[in-house]
Amino acid sequence: MTERFAAALESVDPRSRLDATRRKADLATLADDPAVDVLVIGGGVTGTGVALDAASRGLSVALVDKHDLAFGTSRWSSKLVHGGLRYLASGAVGIAHESAVERDVLIRSIAPHLTRPLAQVVPLLADVSTFDAALTRVGFLAGDVLRRAAGTPATELGRSRRISAAEVIRMAPTVKRAGLRGGLLNWDGQLTDDARLTVAIARTAAAHGARILTHCAASQVTGTAATVTDELTGASRAIRARAVINATGVWAGTVDPAIALRPSRGTHLVFRQDVFGGLTAGLTVPVPGAFGRYVFALPQPDGRIYVGLTDEEADGPLPDVPTASEEEIDFLLATVSLALDTPLRRDHIAGTFAGLRPLLDSGAGRTADVSRKHAVLTRGDGLITVVGGKLTTYRRMAQDAVDAAVTASGLLTGPSVTRSVPLVGAAPRGELAAVAAPQRLVHKYGTEATAVAALAEVQPALAEPVTAGTEITGAEMLYGALVEGALTVDDLLERRTRLSLIPHVAAAATSSAEAALAAQ
């Protein structure tokens, strides 16, 4: 890295920076002394959460992932911070309350810069009966009760209410006008991006001393050791640990064959904003004949809309990158079009993505009926596996996994402190509003947005978008390589910038990604 770029990054806590040099040094340290308190396998939101929880308790931690941070399910969510409303419909009050509490912690303490309120609108069209509308309204009122029970003020997430047809049209301009008699408005939390959340958690763990080692595969895993192979060099080393935690999500069974999972696939379609005429709220469309199930059209950064999601059994071998089925695409197009003046067509789709939920096999009839509650399992040799759950509750999942590891291994440490550990870039909303950088960057980097802007000041060309069809700049690409641990072109395009969600845009940005990596 050149000195001029180094000067631009002086405001970034050096302990939190992840790059090729840091990775090489951490691997060398482990070669000299291959022993840690906790070895975490899996670099998704749960695994990075485990690393942060353990490191912030003062334990020595190494995290390894065969691929990259947020390579799996953690980057394929709807980017929502759910308050647990959907779980009330099935009577899962405990899970609903836990979700509401963790949402509050995320949006007010841990990551205010990566989260914001999202209005969600159910248009009351001719095919929505008075009874169904009343039932939905009651559900939203129950959501208000959950919000208050979690301590989230209405100034942070507004109260639900009935709104006029004009208000529905203002927020969702392409909504069907015929028979529209108003709408129901509810509020939930939304992430800027799930992969960015995972990277921020990993960097915060690194600031507390954790070694974050991507592109390192674990094999021969026991409750106290694993062989770790550097996928970039082929070098292998044995690592000893007082506790090993398997946080590999849908791949948990490959680490511990005794784990029985029943993955389900959730698919989204990607559209450009102009297809929806400037959608500013989550358009919520009931699925006909399926009470409590909805398809959402959700506004996103970089001029995108995500439409999702499905819940389909994922049989057979687990792919590294799941893909949408033709049936899922047809279902999502047809369902969201029920609420639109002009039905969506396949040629409106700019991209698709799908993820697999790591659900424990409970024998339920459909994966949609399988509990979303997480589980922490301890094998006879002490190996800890954490599975299930939801992105919103990752912190609680991590806390429970570390508690189990401490109990099983006899490690001496205090209780979890992560409820009060803000992620890198976090600050109260008032301080974030005053950060001297474009708000688009503040929503992605928080207080570190000034460092991203400083890179562009060093080299003005970096202030320009990397290609047509995106706002992502060269400075953001460079930041991913110098600070956020990206080691390959795919790391940058797939997970640090999400440009790959629209394939032709990612292809055009490849040269910018290569240039950013060359600057390491």
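Residues numbered from 1 in each chain as written. Predicted model: local features only at pLDDT ≥ 70, side-chain atom pairs only at ≥ 80, totals over all residues. Heavy atoms only, no water.

As recorded in an unreviewed UniProt entry, the protein goes by the name Glycerol-3-phosphate dehydrogenase, listed as coming from Tsukamurella paurometabola. Looking at the Catalytic activity (unreviewed entry) heading of the UniProt record, one finds this comment for the protein: "a quinone + sn-glycerol 3-phosphate = dihydroxyacetone phosphate + a quinol". As its UniProt record puts it under Sequence similarities (unreviewed entry), the protein is described as follows: "Belongs to the FAD-dependent glycerol-3-phosphate dehydrogenase family." (UniProt positions renumbered as here; feature names shortened; annotations may be inferred.)

### Focus on the overall build of the protein
In terms of regular secondary structure, the protein is built from 17 helices and 18 strands. By the compact-globule yardstick of 24 Å for 520 residues, the protein fits well, its C-alpha radius of gyration being 22 Å. Taken along the three principal axes of its C-alpha coordinates, the protein extends 70 × 55 × 40 Å. Per-residue burial for the protein yields a buried fraction of 59% across its 520 residues. Put simply, of all contacts in the protein between residues at least 6 apart along the chain, 71% involve residues at least 24 apart. (Helix = DSSP H or I, 4+ residues; strand = E, 2+ residues; numbered from the N terminus. Rg over C-alpha atoms; globule rule 2.2 N^0.38 Å. Buried < 20%, exposed > 50% of the residue type's maximum accessible area, 1.4 Å probe, protein only. Contact = heavy atoms within 4.5 Å.)

### A short note on a nonpolar patch on the surface
A cluster of nonpolar side chains, Phe131, Leu135 and Phe291, forms an exposed patch at the surface whose accessible area comes to about 360 Å². Its location among the elements puts Leu135 in helix H6 (residues 130-149). The class for Leu135 is partly exposed, based on a relative accessible area of 33%. (Patch = residues over 30% accessible without salt bridge, like charges linked within 9 Å, V, L, I, M, F, W, Y side chains within 5 Å. Areas by Shrake-Rupley, 256 points an atom, 1.4 Å probe, with all protein chains shown as cover. Salt bridge = Lys/Arg side-chain N within 4 Å of Asp/Glu carboxyl O.)

### Overview of the pairing of strand S13 (residues 294-300)
The element S13 is largely enclosed, with a buried count of six among its seven residues. Here strand S12 (residues 282-286) pairs with S13 via four bridges, running antiparallel. From the neighbouring strand, Pro286 faces S13, where its bridge partner is Tyr294. Bridge count for S13 against strand S14 (residues 304-308) is five bridges, and the pairing is antiparallel. Note that in S14 the partner of Pro299 across the bridge is Ile305. (Pairing = 2+ DSSP bridges.)

### Remarks on unusual backbone geometry
Residues Gly308 and Leu309 are joined by a peptide bond in cis, for which omega reads 0°. Checked against the element boundaries, Leu309 lands in the loop between S14 and strand S15 (312-313). In the Ramachandran plot, Ala70 falls in the positive-phi region, its phi being about 60° despite a non-glycine side chain. With respect to the secondary-structure elements, Ala70 resides in the loop between strand S2 (61-65) and strand S3 (80-81).

### Let's talk about the UniProt feature "domain: Alpha-glycerophosphate oxidase C-terminal" (unreviewed entry) in the protein
The UniProt record annotates "domain: Alpha-glycerophosphate oxidase C-terminal" (unreviewed entry) at residues 417-512. Secondary structure within residues 417-512 divides into 51% helix and 0% strand; the distance between the first and last C-alpha atoms comes to 39 Å.

### Some remarks on the domain arrangement of the protein
The domain architecture assigned to the protein consists of domain 1 (15-74 + 195-261 + 370-420), domain 2 (118-184 + 262-357) and domain 3 (429-519). For domain 1 versus domain 3, the separation of C-alpha centres amounts to 27 Å. Domain 1 puts 17 residues into the contact, and the matching count from domain 3 is 15 residues. Together domain 1 and domain 3 conceal approximately 1,400 Å² of surface at their shared face, both sides included; 49% is due to carbon and sulfur atoms. If you sort the residues of domain 1 by the area they bury against domain 3, Asp68, Arg196 and Arg203 come out on top, with a joint share of 42%. Along the contact surface separating domain 1 from domain 3 lie four salt bridges. The salt bridge involving Glu448 is made with Arg203; its shortest N-O contact spans 2.8 Å. Taken together, the connections running from domain 1 to domain 3 amount to nine residue pairs in polar contact (both at pLDDT 80 or more). Sorting the residues of the side of domain 1 that touches domain 3 by element identifies helix H2 (20-32) and helix H8 (194-207) as the ones contributing at least two each. In terms of residues, the side of domain 1 that touches domain 3 owes the most to one element, H8, which gives four residues. (Domains from an automatic or database assignment. Buried area = accessible area lost by both parts, 1.4 Å probe. Polar contact = N/O pair within 3.5 Å; in protein donor to acceptor, adjacent residues only side chain to side chain.)

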